[in-house]
Amino acid sequence: MAETVSSIPCEALVIGGSAGSLDVLLEIFPALQSNISFPIVLIVHRKASNESLLTDLLQSRTTLKVGEAEEKELLTAGKVFIAPADYHMLIEDDHSISLDYSEKVNYSRPSIDVTFQSAAEVFREKVVCILLSGSNADGVEGLKSVNNYGGKVVIQNPNTAIMPYMPQQAVLNVKPHVVLDSYDMADFINNLNN
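Just so it is clear, the structure is predicted and the values come from calculations on it, not from any experiment. (Residues numbered from 1 in each chain as written. Predicted model: local features only at pLDDT ≥ 70, side-chain atom pairs only at ≥ 80, totals over all residues. Heavy atoms only, no water.)

Participant: Lay out helix H3 (residues 112–123) in plain terms, naming residues and giving numbers.
Facilitator: Taking 1.5 Å per residue as the helical rise, H3 with its 12 residues ought to reach 16 Å, and the 16 Å between its terminal C-alpha atoms agrees with that figure. Along H3, 10 of the 12 residues are buried, which leaves the element largely enclosed by surrounding structure. All of the buried residues along H3 are Ile-112, Asp-113, Val-114, Thr-115, Phe-116, Ser-118, Ala-119, Ala-120, Val-122 and Phe-123. On its buried side, H3 packs onto strand S1 (12–17), strand S2 (40–44), strand S5 (88–91), strand S7 (127–131), helix H4 (140–148) and helix H5 (165–173). Of the residues flanking the start of H3, the one acting as N-cap is Ser-111, its side-chain oxygen 3.2 Å from the backbone nitrogen of Asp-113. Taken from the residues just after H3, Arg-124 is the one with a positive phi, measuring 50°. (Helix = DSSP H or I, 4+ residues; strand = E, 2+ residues; numbered from the N terminus. Expected span 1.5 Å × (residues − 1). Buried < 20%, exposed > 50% of the residue type's maximum accessible area, 1.4 Å probe, protein only. Contact = heavy atoms within 4.5 Å. Polar contact = N/O pair within 3.5 Å; in protein donor to acceptor, adjacent residues only side chain to side chain.)

Here it is in structure tokens:
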């Protein structure tokens with residue numbers, strides 16, 4: 001029998017995206033329920049000069065609290081933690097955030113791979129990772145880790161992505177739990193439970 005969305009355990013949702021992902025996020029966030037019972041971690045490739053724009057833009061579209069992640073901050077349910085521009089974001093065993101300025105991975109800092117991998121190691125089968133539109137292969141190795149630890153891999157349908165390369169690479173190289181059109185993602189997230 002197929003697993004239903006409501007039976008998917010979720011202690012942390014991690015969303016990664018690059019070029020073209022903002023449109024999807026602006027579609028998802030207004031439809032998210034305010035009583036979400038897990039933290040949402042967001043890694044988006046962006047320039048450091050646009051530091052607070054993403055935070056302000058998403059906050060204006062959701063009832064969830066949205067903030068730029070800070071060193072040693074604890075992940076809490078119902079809050080959106082955005083990886084700061086130019087820092088890798090890792091999740092520690094105590095569910096706190098660690099920011100790292102080490103070399104770029106896949107030409108990116110923050111790297112989606114880095115955060116997906118650390119979230120997989122900490123939350124194991126209770127992590128759900130979503131990969132959105134983008135123009136490089138960041139996220140693929142991280143999603144492999146998610147699969148290895150028993151978490152759930154969700155990939156945006158490349159046909160609905162402005163920049164399909166990133167989700168295409170993921171679909172080709174990783175076994176996804178589900179491939180979703182952008183307009184189905186908010187419902188999927190709202191039906192996850194912990």
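Participant: Explain H5 to me, using residue names and the numbers behind them.
Facilitator: Residues of H5 that are buried: Met-166, Pro-167, Gln-169 and Ala-170. All buried residues of H5 fall inside an arc of 160° around its axis, so they share one side. Elements in contact with the buried residues of H5: H3, S7, H4 and strand S8 (152–156). (Arc of directions from axis to C-beta.)

Participant: Explain the UniProt feature "active site" (unreviewed entry) in the chain to me, and be specific about the residues and the numbers.
Facilitator: Mapped onto this structure's residue numbering, the UniProt feature "active site" (unreviewed entry) falls at Ser-18, His-45 and Asp-138. Spatially, the listed residues are clustered: although they cover 121 residues, their C-alpha atoms lie within 9.8 Å of one another. Along the chain, the position of Ser-18 falls in the loop between S1 and helix H1 (21–28). Contact partners of Ser-18, with chain neighbours within four places excluded, come to His-45, Ser-133, Gly-134, Ser-135 and Met-166. Inspection of the secondary structure assignment puts Asp-138 in the loop between S7 and H4. Residue contacts for Asp-138: discarding those within four places in its chain leaves His-45, Asn-106, Ser-108, Pro-110, Ser-111, Ile-112, Asp-113, Leu-131 and Met-166. A polar atom in the side chain of Asp-138 sits 2.7 Å from the backbone nitrogen of Ile-112. (UniProt positions renumbered as here; feature names shortened; annotations may be inferred.)

Participant: Requested: an account of the environment of Lys-79, with residues and values cited.
Facilitator: Along the chain, the position of Lys-79 falls in strand S4 (residues 79–82). On the accessibility criterion, Lys-79 (14% relative accessible area) is buried. Sequence separation between Lys-79 and Phe-38 is 41 residues, and the spatial gap between their C-alpha atoms is 7.8 Å. In contact with Lys-79, not counting residues within four places along its chain, are Pro-39, Ile-40, Lys-65, Gly-67 and Glu-73. Side-chain polar atoms of Lys-79 contact the side chain of Glu-73, separated by 2.7 Å.

Participant: Tell me about the side chain of Gln-156, and name the residues and values.
Facilitator: By the element assignment, Gln-156 lies in strand S8. In terms of polar contacts, Gln-156 uses its side chain to reach the backbone amide nitrogen of Ser-133, at 3.0 Å.

Participant: So what about the state of the cysteines? Which residues, and what values?
Facilitator: Counted according to the given criterion, the structure contains 0 disulfides. Looking at Cys-10, it has no disulfide partner, and the nearest cysteine sulfur is the one in Cys-129, 9.0 Å off. (Disulfide = S-S within 2.5 Å.)

Participant: Quick rundown of the pattern of salt bridges? Include the residues and the values.
Facilitator: Evaluation of the coordinates by the stated rule reveals 6 salt bridges. Two residues, Arg-46 and Glu-68, come together in a salt bridge whose shortest N-O distance is 3.0 Å. Residue Arg-46 is found in the loop between S2 and helix H2 (53–59), and its partner Glu-68 is found in strand S3 (residues 65–68); the two are separated by 22 residues along the sequence. Arg-46 sits in the buried class, given a relative accessible area of 16%. Here Asp-86 and Arg-109 are joined by a salt bridge, their closest N and O atoms 3.1 Å apart. Within this pair, whereas Asp-86 is found in the loop between S4 and S5, its partner Arg-109 is found in the loop between strand S6 (97–100) and H3, the two being separated by 23 residues in sequence. (Salt bridge = Lys/Arg side-chain N within 4 Å of Asp/Glu carboxyl O.)

Participant: Go over the packing of aromatic side chains, please, and point to the residues and values.
Facilitator: We describe a pair of aromatic rings using the distance from one ring centre to the other and the angle between the two ring planes. The tally for this structure, following the rule as stated, stands at 1 aromatic pair. Look at Tyr-87 and Tyr-101: their rings are 5.6 Å apart centre to centre, the planes differ by 55°, and that puts the pair in the tilted class. Note that Tyr-87 is positioned in the loop between S4 and S5 and Tyr-101 in the loop between S6 and H3, a separation of 14 residues in sequence. On the basis of relative accessible area, Tyr-87 is assigned to the partly exposed category, the value being 35%. Stacked on the ring of Tyr-101, the Lys or Arg Arg-109 has its end atom at 4.1 Å from the ring centre. (Phe/Tyr/Trp six-rings, centres within 6.5 Å; stacked < 30°, edge-to-face > 60°. Lys NZ or Arg CZ within 6 Å of the ring centre and 35° of its normal.)

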